[in-house]
Amino acid sequence: MPNSHFNQLLESAKFESIQYLDNCDNLPVFPSDEALKLLQMFNEALPTDQNNPLETLKKLADIGSQTTVKHGGSRYFGFVNGGILPIGIAARWLADTWDQNAALSVMSPIAAKLEEVCQQWLIQLLHLPPSSKMGLVGGTSVATLCGLAAARNHQYKKLNWDINERGLADAPRLRIIMGDQTHGTVTKMVRLLGFGSQSIELVASDDQGRIMVDCLPEIDGSCILILQAGNVCSGSFDDFSALCSIANQSGAWTHIDGAFGLWAAASAQLKHLTVGMELADSWSVDGHKTLNTPYDCGVILCKHPDAITEALHQQGSYIDYSKTRDNMVYTPDMSRRARGIDLWACMHHLGENGIATLMNKLHEGAKYLAEHLNAIGYVVLNEIHFNQLIIHAGSEELTRQVLKRIQTSGVIWCGSATWKGQFIIRLSVCSWQTNEKDLAKAVEAFKTALR
Ligand SMILES: Cc1ncc(COP(=O)(O)O)c(C=O)c1O
């Protein structure tokens, strides 16, 4: 393709993107049934011949822009998806244009360098042990897989069992201890690692979803304890000081799933939630949730470099490891995009204070919603620990009706869950764009729905 065509294509993508952003506020947060019918237009056979790329892009823009869910807008309160910082989009565009494979330093020195810088910044920002190593994966699910793979390696090594050589068949049993409110992705990763659900011992949680420390079973060096920084419904945090101390005394490995909540450690106002988390062995968190980086930014941090690299390294005569950093030794994958570039750009742009301000803003937003929704008749079930809110409207029937009206209103969007056996509406304040006007609109939408 000649350069002039390439330029035209990028100009066209820029034009369509800006049009979308300009229009975003006027479009329903969730596409209407009418708009969703447009998706049928993708039901076509694979073209036999090449199409003009401008036409391909136009088709995508025309249908796609009308059928998106507006996560990037300011009134999406559904899943903890987070918005996207403009610097994140811009840096990702640039990085995609550079087409860097981040696996090895020799493939992309800049991707290796910026991941090393992000690692250092995260250790500083989240107050983690200086020995910690960082890997970047698609999301917290896979980051948790990496943390648990490192844990498995480390714990088996202590039991004189080389898991890489001997595998799980006939291996001594490891016990997985976690709260009964642990996120479903953790259970999935425990299963993927071959432990089986039967290895899991669930610990009872309190009314906020926090592990009850007194209910922790006897643990020892054959255990992996999994804690949570940010319950996906209530936003609550486990008592890291107490639980990590017990784990450390007994030789258990502690992993903290902090998909959206770990960032609270970056704010002086919210840091009380994460006290003691530095005593854990590994942590998983997303850039793309509360930090608002582009998607595809899961972060694994592990205090024990040997444990994570022994679990995730690979051989190959053609693999040219460098003397500095090779990103692929901290992740299961080899080829991947240079997601560290947009993570670096977001952190560089916001700085320490900007990140703290963003986390505080999300917290303030959730507090605003709790106060105002309560004032118009909704029952708020959780303390506002961070950015999550769970409510109901009285009876289950009424709560379901309200939710349906909210979801079809186009004004805002939020979802539901079952909390301690009760049907609830779940709200997450997780976009940098959400301001008081948006929050007021959300309250108004709830008021109208209740009427
Ligand atoms: C507490 C918690 N853990 C794990 C996940 C999964 O993260 P991801 O979707 O990035 O894989 C989520 C998603 O919301 C979460 O809230």
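Residues numbered from 1 in each chain as written. Predicted model: local features only at pLDDT ≥ 70, side-chain atom pairs only at ≥ 80, totals over all residues. Heavy atoms only, no water.

### Description of the overall build of the protein
Cut-off, in case you're wondering: Labels follow the DSSP assignment, with helices taken as runs of H or I lasting at least four residues and strands as runs of E lasting at least two, numbered in each case from the N terminus. Throughout, radius of gyration means the C-alpha value; the globule benchmark is 2.2 Å times the number of residues raised to the power 0.38. In this scheme, a residue with accessible area under 20% of its type's maximum is buried, one over 50% is exposed, and one in between is partly exposed, where area comes from a 1.4 Å probe on protein chains only. Note on definitions: a residue-residue contact is assigned when non-hydrogen atoms from the two residues lie within 4.5 Å. In this charge count, Lys and Arg are treated as positive and Asp and Glu as negative; neither His nor the chain ends contribute. A charged residue contributes its charge at one atom only: NZ of Lys, CZ of Arg, CG of Asp or CD of Glu.
When helices and strands are tallied, the protein shows 13 helices and 11 strands. In terms of overall size, the protein behaves like a compact globule, its C-alpha atoms giving a radius of gyration of 23 Å where 451 residues would be expected to give roughly 22 Å. The principal-axis extent of the C-alpha atoms belonging to the protein is close to 65 × 60 × 45 Å. Looking at the protein residue by residue over its 451 residues, the buried ones come to 52%. Restricting to contacts in the protein with at least 6 residues of sequence separation, those with at least 24 account for 73%. Taken together, the 37 basic and 46 acidic charged side chains of the protein have centroids lying 2 Å from each other.

### Section: the UniProt feature "modified residue: N6-(pyridoxal phosphate)lysine" (unreviewed entry) in the protein
Operational definition: UniProt positions are given in the numbering used here, feature names are shortened, and annotations may be inferred rather than shown by experiment.
The sites that carry the UniProt feature "modified residue: N6-(pyridoxal phosphate)lysine" (unreviewed entry) are, in the present numbering, K289. Residue placement: K289 occurs in the loop between β6 (282–286) and β7 (298–302). The residues contacting K289, other than those within four sequence positions of it, are V80, N81, G82, A259, F260 and C430.

### A closer look at the packing of aromatic side chains
Our working rule: Classification of ring pairs rests on two measures: the distance between centres of Phe, Tyr or Trp rings, Trp counted by its six-membered ring, which must be within 6.5 Å, and the angle between planes, read as stacked under 30 degrees, edge-to-face over 60 and tilted in between. Remark: a charge is flagged as sitting over a ring if the NZ atom of Lys or the CZ atom of Arg is within 6 Å of the ring centre and within 35 degrees of the ring normal.
Going through the model one piece at a time under the given rule, you end up with 7 aromatic pairs. Aromatic side chains Y378 and F446 sit 5.2 Å apart centroid to centroid with 85° between the ring planes, which places their arrangement in the edge-to-face category. Note that Y378 is positioned in the loop between α11 (339–375) and β8 (379–380) and F446 in helix α13 (residues 436–450), a separation of 68 residues in sequence. Both residues of the pair, Y378 and F446, belong to the buried class. Aromatic ring contacts, followed pair by pair, group F30, Y76, F79 and W413 into a single cluster. The lysine or arginine in question, R400, covers the ring of F423, its NZ or CZ lying 3.9 Å from the ring centre. The side chain of K420 reaches across the aromatic face of W419, ending 5.8 Å from its centre.

### Comments concerning the pattern of salt bridges
The line we're drawing: When a carboxyl oxygen of Asp or Glu lies within 4 Å of a side-chain nitrogen of Lys or Arg, that pair is called a salt bridge.
Using the criterion set out here, one finds 19 salt bridges in the structure. A salt bridge links K113 to E116; the shortest N-O distance between them is 3.1 Å. Here the residue K113 and the residue E116 both occupy positions in helix α5 (residues 109–126), the gap between them amounting to 3 residues, near one helical turn. Take K113: its relative accessible area is 45%, and that puts it in the partly exposed class.

### Points about a nonpolar patch on the surface
Which entries qualify depends on this criterion: Patch membership needs two things, relative accessible area over 30% and no salt bridge, and members are linked within 9 Å if like-charged or within 5 Å if nonpolar (Val, Leu, Ile, Met, Phe, Trp, Tyr). All accessibility values rest on the Shrake-Rupley procedure with a 1.4 Å probe; residue burial counts only the protein chains present in the view.
A cluster of nonpolar residues, L39, F42 and L60, forms a patch on the protein surface that exposes about 260 Å² of accessible area. Structurally, F42 is set in the loop between α2 (33–36) and α3 (53–64).

### Brief notes about the sheet that holds β6
The line we're drawing: Should DSSP find at least two bridges between two strands, the strands are taken to pair. In this analysis an axis means a line fitted to C-alpha atoms, helices contributing only their contacting stretch, and an angle means the value between N-to-C directions, from 0 to 180 degrees.
Reading across from one edge, β1-β7-β6-β5-β4-β2-β3 is the order of the 7 strands in this open sheet, with mixed pairing throughout. Two strands lie at the open edges of the sheet, namely β1 (133–137) and β3 (200–203), each paired on one side alone. Sheet twist, expressed as the mean angle between neighbouring strand axes with direction ignored, is 20°. In this structure, strand β4 (residues 223–228) lies alongside strand β5 (residues 253–257), joined through 5 bridges in parallel fashion. Bridging from a neighbouring strand, L225 pairs with T254 of β5. The sheet contacts of helix α6 (residues 140–158) involve β1, β4, β5, β6 and β7, and relative to β5 the element is tilted by about 180°. Its contacts with the sheet place helix α9 (residues 240–250) against β4 and β5, and it is angled at close to 170° to β4.

### Thoughts on α9
Operational definition: Working definition: the arc comes from the directions between the helix axis and the C-beta atoms, pointing outward to the latter.
Looking at α9, one finds that the buried residues are F240, L243, C244 and A247. Within α9, the buried residues cover an arc of 95° as seen down the axis, which keeps them to one side. Each element contacted by the buried residues of α9 is listed here: β4 and β5. G251 sits one or two positions beyond α9 and adopts a positive phi of about 85°.

### Focus: the site of the ligand
For clarity, the cut-off: If even one non-hydrogen atom of a residue comes within 4 Å of a molecule or strand, that residue is called near it. Identification of polar contacts relies on pairs of N or O atoms within 3.5 Å, with a donor-acceptor requirement for protein atoms, meaning one able to donate a hydrogen and the other able to accept it, and with residues adjacent in sequence counted only if both atoms are side-chain atoms. Only Asp, Glu, Lys and Arg are considered charged in this grouping, and only Ala, Val, Leu, Ile, Met, Phe, Trp, Tyr, Cys and Pro are considered nonpolar; every other residue, Gly among them, is considered polar.
T140, S141, D257, D286 and K289 are the nearest of the 14 residues found near the ligand. Take T140: an N or O atom from its main chain is 3.0 Å from an oxygen atom of the ligand. H288 has a polar side-chain atom sitting 3.4 Å from an oxygen atom of the ligand. If the ligand stood free it would expose 390 Å²; the protein chains cover 84% of that surface. A class-by-class count of the residues in the shell around the ligand yields 3 nonpolar, 8 polar and 3 charged.

### Considering the side chain of N231
Along the chain, N231 falls in the loop between β4 and α9. Taking the relative accessible area as the measure of exposure, N231 reaches 1% and is therefore buried. Of note is the side chain of N231, whose polar atom sits 2.7 Å from the backbone nitrogen of C233.

### Some remarks on α5
For clarity, the cut-off: A helix is expected to reach a length of 1.5 Å times the quantity of its residues less one.
Spanning 18 residues, α5 covers 26 Å between terminal C-alpha atoms, matching the ideal 26 Å at 1.5 Å per step. Of the positions making up α5, those classed as buried are A111, A112, L114, E115, V117, C118, Q119, L122, I123, L125 and L126. Looking at the buried side of α5, the elements it contacts are β1, β7 and α11. Looking at the residues trailing α5, positive phi occurs at H127, about 60°.

### Here we look at the environment of E165
Counting through the fold element by element, E165 comes out in helix α7 (residues 163–166). For E165 and H272, which are 107 residues apart along the polypeptide, the C-alpha to C-alpha distance reads 42 Å.

### Remarks on the nonpolar core
Threshold: Nonpolar cores were defined as sets of buried Ala, Val, Leu, Ile, Met, Phe, Trp, Tyr and Cys residues, with membership established by side-chain atoms within 4.5 Å.
Core analysis: the largest hydrophobic core is formed by 78 residues, its most contacted members being L369, L427 and F446. Considering every element that reaches this core, the biggest residue donor is α11, with 13 residues. If near-sequence neighbours (up to four positions away) are discounted, F446 is found in contact with L373, I376, Y378, I391, V402, I406, I412, C414, I425 and L427. Core analysis: the second largest hydrophobic core is formed by 31 residues, W161, L174, V186 and C302 among them.

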